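Geometric and topological summary
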Amino acid sequence: MRDPEGAVGPRSFPGTPLRGRVAVVTGAARGVGEALARRLSAAGMSVALLGRERETLCRAAASLPNRSICVEADVTDRDALSNAAHQVVTELGPASVVVANAGIAAGGPFVSTEAELWQRVIDVNLVGAANTARAFLPQLARTRGYFLEIASTAAFGSAPMMSAYCASKAGAESFALALRGEVEPDGVAVGIAYLHWTGTDMVAGIDDHPVLQALRRNQPSFARRVHTPAQVADWLTRGITRRAHQIYAPPWLRWCQPLRPLFPTLVARLTRHELKSRPRDELAAAVGVLGAGGRADWSSYLSTTRPHTGP
């Protein structure tokens, strides 16, 4: 049932198919974002794919089975997101599901990481999620929709050599928790997805990263498994359908929540030997953006902030 202003009633979305509704997914050009857009489209949703890599993004949108649009937008640019929100409501209708998935990561010692790169990770992963919520909350309030923040097990225990990524994901989790209390009276639900090892280009070089390699090597065999983006997208879609407050990918992660106070000490103990055994210059050489998507974002950012001024 709809109210006089066209808003979907708060009890009409849970337990019903997603078919006929509109979803927005940021960071949808590749990886989990692209797989989730495909899964939501297959479920009958119209999907707006937002991202930086226009050609890859539009190719992904064109391959979806249901109605879709691609919108090139930097999630750190509030004006671009405002324009994207206007395009979505104009071409597809108001969003019922918005997924803040855009994210990048950089590895290496904090002191060796360029300050601008460290800041960029925070801006994309944390500030970008907040910007996404700000742009689309008016639509979600109309549809009494669902906002999903893609977090990570990096929010459970911060890993050395990944300070920006871990700080951004812990901050994104905290932001979503705070936002939930504010928007629930408007009928908007807020979920947080905790992703573990996922087979995206961001973790493709995991064996070249000393800390991540050590963390994974010391985990139980079931926890070392790398899940495909398609499998993660299935878990996310089930949670979206239920308007879940928490989504765990893989599902066994839910049992880690009570153990979270132990994780920082455990992670520090596991990585201490690895860091001590490697020369400082070797660790410093590991500084850089992880994954093709992150490199594309960083390259695009540099092209706009540091224009070539050669002769």
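Structural notes, computed from the coordinates. (Residues numbered from 1 in each chain as written. Predicted model: local features only at pLDDT ≥ 70, side-chain atom pairs only at ≥ 80, totals over all residues. Heavy atoms only, no water.)

Okay, the pattern of salt bridges next. Should the charged atoms of two oppositely charged side chains come close, the side chains can pair. Under the definition given, this model contains 9 salt bridges. Note that Asp 234 is salt-bridged to Arg 39, the shortest N-O span being 2.9 Å. Of this pair, Asp 234 sits in helix α7 (residues 229–242) while Arg 39 is found in helix α1 (residues 31–42), placing the two residues 195 residues apart along the sequence. Owing to a relative accessible area of 27%, Asp 234 belongs among the partly exposed residues under this scheme. When its relative accessible area of 31% is taken as the criterion, Arg 39 is described as partly exposed. (Salt bridge = Lys/Arg side-chain N within 4 Å of Asp/Glu carboxyl O. Helix = DSSP H or I, 4+ residues; strand = E, 2+ residues; numbered from the N terminus. Buried < 20%, exposed > 50% of the residue type's maximum accessible area, 1.4 Å probe, protein only.)

Let us look at the state of the cysteines. This structure, assessed with the given rule, holds 1 disulfide. Covalently, Cys 58 is tied to Cys 70 through a disulfide, its sulfur atoms 2.0 Å apart. Here the S-S torsion is close to 80 degrees, and the disulfide linking Cys 58 with Cys 70 is therefore right-handed. With Cys 58 in helix α2 (residues 54–62) and Cys 70 in strand β3 (residues 68–72), the pair connects residues that are 12 residues apart, well separated along the chain. Relative accessible area serves as the criterion here: at 22%, Cys 58 is assigned to the partly exposed category. (Disulfide = S-S within 2.5 Å.)

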